[in-house]
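Residue strings, one per chain:
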Amino acid sequence: MSKKVIISIIILMSAALIGLSVIQFLWIRKSLALKEKTFDDRIFITLNMAKEKLLENLQEDITILGLEKKISTQDERRREQLEYELKKNKMLSDTNLLENIEISHIEELDNFISKELKINQGIDLTYEYGIYSNRTKSFLIRDGHFVVEFGNSKSSSTIKTQDGLESTPYSLPLFEDVSSNEPGYLKLYFPKRTRYLWQNLIPIVLSSILFTALVLFCFSYTVYIVFKQKKISEIKNDFINNMTHEFKTPIATISLASDSIGNASIIGNPEKIKRFLSIIKAENKRMLNQVEKVLQMAQIDKKEITIKPAKIDINELVENVAENSALKVQSRGGSLEINLLAKYTQIQADQTHLSNIVANLIDNAEKYTKETPHIIVETQDDKDGIKIIVKDNGIGMSKDSQKHIFEKFYRVHTGNLHDVKGFGLGLSYVKAITEAHGGRVFVKSELGKGSTFTVFIPFKPKFS
Ligand code: ADP
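Worth saying up front: this structure is predicted, and the values here are computed from it rather than measured.

So, how was this worked out
Throughout, residues of each chain are indexed from 1 in the direction in which the sequence is written. Owing to the predicted nature of the model, reporting of local features is limited to residues with pLDDT of at least 70; listing and counting of side-chain atom pairs is limited to 80 or more, with chain, interface and lining totals taken over all residues. For the side-chain quantities, the full set of heavy atoms in the structure was used; hydrogens and water were omitted. Every helix listed is a DSSP run of H or I at least four residues long, and every strand listed is a run of E at least two residues long, numbered separately from the N terminus. Relative accessibility decides the category of a residue: with a 1.4 Å probe and only protein chains considered, values under 20% of the type maximum give buried, values over 50% give exposed, and everything between is partly exposed. Whether two residues are in contact is decided by their heavy atoms: any pair within 4.5 Å suffices. Note on terminology: a nonpolar core comprises buried Ala, Val, Leu, Ile, Met, Phe, Trp, Tyr and Cys residues joined through side-chain atoms within 4.5 Å. Under this scheme, a helix contributes an axis fitted over its contacting stretch, all axes are lines through C-alpha atoms, and angles between N-to-C directions fall in the 0 to 180 degree range. Oblique is the label for every angle not falling under 35 degrees (roughly parallel), over 145 degrees (roughly antiparallel), or within 65 to 115 degrees (roughly perpendicular). Helix crossings are classified by the rotation of the near helix relative to the far one: an anticlockwise turn of less than a right angle makes the crossing left-handed, while a clockwise turn makes it right-handed. The classification used treats Ala, Val, Leu, Ile, Met, Phe, Trp, Tyr, Cys and Pro as nonpolar, Asp, Glu, Lys and Arg as charged, and all other residues, Gly among them, as polar. It suffices for a single heavy atom of a residue to lie within 4 Å of a molecule or strand for the residue to be listed as near it. For the purposes of these results, a polar contact is taken to be a pair of N or O atoms within 3.5 Å, where, inside protein, one atom must be able to donate a hydrogen and its partner to accept one; residues adjacent in sequence count only when each atom of the pair is a side-chain atom. Method for areas: the Shrake-Rupley scheme with a 1.4 Å probe, in which residue coverage is limited to the protein chains shown. Strands qualify as paired when DSSP identifies two bridges or more between them.

**Student:** Can you walk me through the environment of Ala-310 in this structure?
**Tutor:** Mapped onto the fold, Ala-310 is located in strand β6 (residues 310-313). Owing to a relative accessible area of 32%, Ala-310 belongs among the partly exposed residues under this scheme. Taking C-alpha positions, Ala-310 is 5.4 Å from Ala-349, a pair spaced 39 residues apart along the chain. Excluding residues that lie within four positions of it along the chain, Ala-310 makes contacts with Ile-347, Gln-348 and Ala-349.

Laid out in structure tokens, this is it:
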């Protein structure tokens, strides 16, 4: 899959995800608004009915009051009736009408509101209610009780607890039709209103968040896998290219050497034949080594690698390997310094593998140094083990590269130019072998300044 296709899919998928999330958000917001509206309507119906009820009760009492003095004659009755009407209207228009409310009215109001909310409107929610007088700027009645004021000593805490009820949007003017100035208010307040409105929506919101997160996770994981696969395929291509490249030279050399042997001028010269044979052998060995490396890596992959521990002297081993590698360094006019500083040199390790990893490190130190190489190979005592250090003055590598060099097939990219041969397997082999001895490998490097590789092998290795 080309990078363009992958990026297009990512963009489309992201747009779809964002679109879906926005739609979900809008839908949830709309249903919340709808719920709010229904709730508000029901509360106002209750308030209106409660107001009617209160007014009705008050008027009834006033009627009884007005008809208390019963009289016998028709005329007098009419006069009384008129007087009563006047009295009633006066009372109703009295701004103090609120103060005519008695405990019995409150009880009835209390029952009415509770019944209306719960049974008729289906709202089973704790509430507070009160009758607020605009004249006194305070509550006359709160939750079924008269509010008793002791002079001006209304404590601030009382005011605070009234906050919700005082500023509630569910407030209905009382008697405004009869007394337009300074009416009172019937107020209802629901402390748990928000929670009640969200109650049914929360499972929907949570599940939509969960499913969106799940889709997002699966999508990101797929993208990650696609990129990983792409990288693997790139690495495999690189590897095949490298391998062909690595084999091409020895094959060409061998072909040239064998052609030369067949040449009439050479065939009679045993010295020359010997030289060409040694070239063929050396190139053959080089190819074998390469194949060996690849096979070893395959073994490590399948965890088939076998460590044959034996008692070895680490100084001796490092010295031998370093001396063998010194030739190549010296041929470039460089130097290879060997500092055998370790005193406790006896360890249990696999001689061949350990020699291979030291050789690999020295090989790399030489390969990745453009100037005249100055390599230092050192052994050092360490707590519980021994350190083998290989230091060069080479090209070094960035912090980012350092994180990957121990990965299989990884090679630091220097543009498209592969001026240094390799499969990217050497360091992963070093790591695998070191860890199989229970040890660790570290790198310290700075671009352009050089690198230091440290292999730590414990005295008492736990072979894996
Ligand atoms: P190869 O040498 O076959 O490419 P390695 O696994 O030995 O593979 O090394 C991986 C990569 O680490 C190399 O391609 C190189 O870029 C980097 N590297 C290894 N050793 C050194 C070093 N001494 N100095 C700078 N870079 C190094």
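That was the structure; now back to the text.
**Student:** What am I meant to see in the nonpolar core here?
**Tutor:** Proteins that are soluble and globular tend to have nonpolar side chains buried together. Ranked by size, the top nonpolar core spans 44 residues in total, and within it Leu-336, Ile-347, Leu-354, Ile-405, Phe-453 and Val-455 carry the most contacts. The element best represented in this core is helix α9 (residues 314-331), accounting for seven residues. One finds Ile-123, Leu-172, Leu-174 and Phe-190 within the second-largest nonpolar core, a separate group that totals 27 residues.

**Student:** For this particular structure, what's the right way to read the packing of helix α8 (residues 270-301) against helix α12 (residues 426-436)?
**Tutor:** Any two packed helices are characterised by how steeply their axes cross, that is the angle between the axes, and by the distance between the axes. At a closest axis distance of 10 Å, the pairing of α8 and α12 adopts a crossing angle of 45 degrees. Comparing the axis directions of α8 and α12 gives the class oblique. Crossing angle aside, the handedness with which α8 passes α12 is left-handed. On α12, the residues that touch Gln-296, Met-297 and Ile-300 of α8 are Ser-428, Tyr-429 and Ala-432. Here the contact of α8 with α12 is built from residues that sort into four nonpolar, two polar and no charged.

**Student:** What am I meant to see in the site of the ligand here?
**Tutor:** The immediate surroundings of the ligand are formed by 19 residues, with Asn-364, Tyr-368, Asp-392, Arg-411 and Leu-427 found nearest. Taking Arg-411, its side chain carries an N or O atom lying 2.5 Å from an oxygen atom of the ligand. Between the ligand and the protein, one listed contact pairs an oxygen atom with a backbone N or O atom of Gly-424 at 2.9 Å. Protein contacts shield 97% of the accessible area of the ligand, which totals 530 Å² for the unbound molecule. Listing elements by their share of the shell around the ligand, those giving two or more residues are α10 (351-367), α12 and β12 (450-458). Of the residues forming the shell around the ligand, the biggest block, three residues, is contributed by α10. Among the residues forming the shell around the ligand, the class breakdown is 10 nonpolar, six polar and three charged.

**Student:** Whenever I open this one, the sheet that holds strand β2 (residues 138-142) confuses me. Can you help?
**Tutor:** Note on sheets: strands pair through backbone hydrogen bonds, and any given pair is parallel or antiparallel. Taken in spatial order, the five strands of this open sheet run β3-β2-β1-β5-β4, and their pairing is antiparallel. If you trace the sheet from one side to the other, it starts and ends with β3 (145-146) and β4 (170-174), each paired once. When strand β1 (residues 128-133) meets strand β5 (residues 184-189), the two strands line up antiparallel, connected through six bridges. Bridge assignment links Tyr-129 to a residue of β5, and that residue is Leu-188. The sheet contacts of helix α3 (residues 103-120) involve β1, β2, β3 and β5, and relative to β1 the element is tilted by about 140 degrees.

**Student:** Even after reading the chapter, I still don't get the side chain of Gln-402, so can you show me in this structure?
**Tutor:** Topologically, Gln-402 is positioned in helix α11 (residues 399-404). In terms of polar contacts, Gln-402 uses its side chain to reach the backbone carbonyl oxygen of Ser-445, at 3.0 Å. Aside from chain neighbours lying at most four places away, what touches Gln-402 is Met-397, Val-443 and Ser-445.

**Student:** Honestly, the sheet that holds strand β7 (residues 335-340) in this entry has me stumped. Any pointers?
**Tutor:** Across the sheet, which stays open at both edges, the five strands sit in the order β7-β9-β10-β12-β11 with mixed pairing between neighbours. Edge positions in the sheet fall to β7 and β11 (440-446), since each of these pairs with one other strand and no more. Between one strand axis and the next, the sheet turns by 15 degrees as a mean value, whatever way the strands run. One ladder, built from seven bridges, connects β11 with β12; its direction is antiparallel. When the bridges of β12 are listed, Phe-442 appears paired with Thr-454. Packing of α12 onto the sheet brings it into contact with β11 and β12, and relative to β12 it is tilted by some 25 degrees.

**Student:** Even after reading the chapter, I still don't get unusual backbone geometry, so can you show me in this structure?
**Tutor:** Trans is the prevailing form of peptide bonds, just as negative phi is the prevailing case for residues other than glycine. Despite not being glycine, Asp-384 has its phi angle at roughly 70 degrees, a positive value. Even without being a glycine, Phe-409 presents a positive backbone phi close to 70 degrees. Position of Phe-409 relative to the elements: it lies in the loop between α11 and α12. With relative accessibility at 22%, the residue Phe-409 sits in the partly exposed group.

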